[in-house]
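Fold and geometry: a report
Below, each chain spelled out in residue letters.
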Number of protein chains: 2
Amino acid sequence: MRIGELAKLSNTPTRSLRYYEEQGLIVPRRLENGYREYDPYLIDRAIQIRGLIDSGVPTKIIALILPCLDKPRGIVPDDIQPELLTILRDERDKMTQRIDFLTRNRDSIATYIEAADAALARRTAATVA
Amino acid sequence: MRIGELAKLSNTPTRSLRYYEEQGLIVPRRLENGYREYDPYLIDRAIQIRGLIDSGVPTKIIALILPCLDKPRGIVPDDIQPELLTILRDERDKMTQRIDFLTRNRDSIATYIEAADAALARRTAATVA
DNA sequence: CTTGACCTTCACACTAGTGTCAACCATTTA
DNA sequence: TAAATGGTTGACACTAGTGTGAAGGTCAAG
């Protein structure tokens with residue numbers, strides 16, 4: 001598929017897709033005319049990238065971890081460098097921290113919303129009565 | 001405490017603290033000399049803000065939700081506007097999405113790390129033997 | 001009273017990611 | 001063949017958040 005279709009299917013502006021390519025995240029092959037040609041499995045990839053960026057993971061890091069996530073479970077190349085492993089551990093921990101932060105704050109918001117809903121319901125009932 | 005101490009305790013550059021003030025997130029009172037004076041409870045607040053920003057929540061949104069998180073559990077002002085409630089619901093859902101994204105990817109990374117560790121251990125054992 | 005540490009504001013610069021526009025090429029369709 | 005649609009690169013602009021430095025005020029210690 002070409003860039004426009006991928007943009008629709010992954011709900012990602014073409015501008016961003018080209019930017020991701022510039023960052024080495026999604027590098028499509030080219031047709032004779034120079035058009036970018038994307039394989040269908042890249043839809044998920046684009047969505048994944050968007051989600052990660054939106055969650056505060058910079059493209060440089062995404063570029064590092066994507067190849068690892070691509071491999072089938074438990075497959076590790078022989079030439080794995082301990083330096084990359086350190087980065088991965090670090091990023092894993094950062095993500096865990098983010099998850100904790102987001103979870104705590106989301107739960108607080110959720111609680112607030114429920115309280116507000118309850119208050120609103122009470123007020124409505126009172127008005128009706 | 002003054003801005004330097006808060007910076008150390010919350011591990012946040014003074015530049016960012018002033019920026020947060022500009023965005024209305026933490027507005028300290030001022031001493032006679034013009035120095036910013038922070039209450040100790042703002043340490044947690046600064047950390048919280050940093051965590052949210054790092055997790056992809058923009059300061060405009062943080063400014064909206066912070067007041068809600070400040071209230072003791074279940075306390076909702078009488079004049080709650082349904083418009084704010086809509087924003088809160090939206091943000092709650094976005095955060096849930098982020099949490100899911102991060103969790104999935106973190107788990108994948110963790111799995112990869114474990115596999116790499118195992119592979120490394122095997123190789124070390126083989127080398128020794 | 002001067003030095004040093006800390007504070008003030010202001011401003012310029014930088015990265016990341018995206019929007020947008022210009023100028024042009026390709027493909028389809030009326 | 002001309003218009004519409006969608007693709008290409010390149011450039012410029014913008015927001016968010018932070019770094020950094022200038023020019024100056026405050027205060028405690030030597």
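What counts and what doesn't
- Residues numbered from 1 in each chain as written.
- Chains lettered and ligands numbered in written order.
- Predicted model: local features only at pLDDT ≥ 70, side-chain atom pairs only at ≥ 80, totals over all residues.
- Heavy atoms only, no water.
- Helix = DSSP H or I, 4+ residues; strand = E, 2+ residues; numbered from the N terminus.
- Rg over C-alpha atoms; globule rule 2.2 N^0.38 Å.
- Contact = heavy atoms within 4.5 Å.
- Lys, Arg positive; Asp, Glu negative; His and termini not counted.
- Charge placed at Lys NZ, Arg CZ, Asp CG, Glu CD.
- Near = heavy atom within 4 Å.
- Polar contact = N/O pair within 3.5 Å; in protein donor to acceptor, adjacent residues only side chain to side chain.
- Nonpolar A, V, L, I, M, F, W, Y, C, P; charged D, E, K, R; others polar.
- Phe/Tyr/Trp six-rings, centres within 6.5 Å; stacked < 30°, edge-to-face > 60°.
- Lys NZ or Arg CZ within 6 Å of the ring centre and 35° of its normal.
- Domains from an automatic or database assignment.
- Salt bridge = Lys/Arg side-chain N within 4 Å of Asp/Glu carboxyl O.
- Least-squares fit on C-alpha atoms with pLDDT ≥ 70 in both.
- Buried area = accessible area lost by both parts, 1.4 Å probe.
- Buried < 20%, exposed > 50% of the residue type's maximum accessible area, 1.4 Å probe, protein only.

Quick look at the overall build of chain A
On a plain count of helices and strands, chain A comes out with five helices and two strands. Going residue by residue from the N terminus, the α and β elements of chain A occur as α-α-β-β-α-α-α. Relative to a compact globule of 129 residues, whose C-alpha radius of gyration would be 14 Å, chain A shows 21 Å and is clearly more extended. Each of the three principal axes of chain A carries a C-alpha extent, and together these read 70 × 40 × 25 Å. Here the contacts in chain A between residues at least 6 apart in sequence split such that 49% fall between residues at least 24 apart. Taking the average place of the 20 positive charges on the side chains of chain A and the average place of its 19 negative ones, the gap between the two points comes to 5 Å.

So, the protein's contact with DNA strand D
The environment of DNA strand D is formed by 19 residues, the closest being Gly4(A), Arg36(A), Tyr19(B), Tyr35(B) and Thr59(B). Counted by atom, the contact set of DNA strand D within 4 Å of the protein is 66% sugar and phosphate. Residue Arg18(A) places a side-chain N or O atom 2.8 Å away from a phosphate oxygen belonging to DNA strand D. One of the side-chain nitrogen or oxygen atoms of Thr59(B) is found 2.6 Å away from a phosphate oxygen of DNA strand D. Listing elements by their share of the surface near DNA strand D, those giving two or more residues are helix 1 (3–10) and helix 2 (14–22) of chain A together with helix 2 (14–22) and helix 4 (59–70) of chain B. Examining the composition of the surface near DNA strand D, we find that four residues originate from one element, helix 2 of chain B, more than from any other. Of the residues assigned to the surface near DNA strand D, the class counts are eight nonpolar, five polar and six charged.

Points about the packing of aromatic side chains
Counted by the stated rule, this structure contains two aromatic pairs over all chains. Sitting above the plane of the Phe101(A) ring, Arg104(A) keeps its charged end 5.5 Å from the centroid.

Thoughts on the domain arrangement of chain A
Residue and element names in this part refer to chain A. When the domains of chain A are assigned, the result is domain 1 (1–75) and domain 2 (77–129). Put simply, the middle of domain 1 and the middle of domain 2, counted by C-alpha atoms, are 26 Å apart. Taken together, the contact pairs 10 residues of domain 1 with six residues of domain 2. Connecting domain 1 to domain 2 are zero salt bridges. Counting across the interface, domain 1 meets domain 2 through one residue pair in polar contact (both at pLDDT 80 or more).

Topic: the protein's contact with DNA strand C
Neighbouring DNA strand C are 20 residues; Tyr19(A), Thr59(A), Gly4(B), Arg18(B) and Arg36(B) lie closest to it. Residue Tyr35(B) places a side-chain N or O atom 3.4 Å away from a base oxygen belonging to DNA strand C. Every element with two or more residues in the surface near DNA strand C is listed here: helix 2 and helix 4 (59–70) of chain A together with helix 1 (3–10) and helix 2 of chain B. Sorting elements by how many residues they give to the surface near DNA strand C places helix 2 of chain A first, with four residues.

Examining the relation of the copies chain B and chain A
The two copies are related by a screw operation: chain B maps onto chain A through 180° of rotation and 0.0 Å of translation along the axis, at an RMSD of 0.1 Å. Seen this way, the second copy is the image of the first under a two-fold rotation axis. Comparing contact sets, 100% of the residues at the interface of chain B also lie at the interface in chain A, consistent with an isologous, same-surface contact.

Topic: the interface of chain B and chain A
Chain B puts 42 residues into the contact, and the matching count from chain A is 42 residues. Roughly 4,100 Å² of surface becomes buried between chain B and chain A when both sides are summed, with 71% attributable to carbon and sulfur atoms. For Arg89(B), the salt bridge is made with Asp117(A), and the minimal N-O distance between the two is 3.2 Å. Across the chain B-chain A interface, the total number found is eight residue pairs in polar contact (both at pLDDT 80 or more). Of all the elements in the fold, those that place two or more residues in the side of chain B that touches chain A are helix 3 (42–54), helix 4 and helix 5 (82–128) of chain B.

Regarding the side chain of Glu37(B)
Residue and element names in this part refer to chain B. Summarising the element assignment, glutamate 37 is placed in strand 2 (residues 36–37). Notably, glutamate 37 is buried but unbridged: the nearest opposite-charge side chain belongs to arginine 29, and the N-O separation is 4.1 Å. Among the polar contacts listed, one links the side chain of glutamate 37 to the backbone nitrogen of methionine 1, at a separation of 3.3 Å. Residue contacts for glutamate 37: discarding those within four places in its chain leaves Met1, Arg2, Pro28, Arg29 and Leu31.

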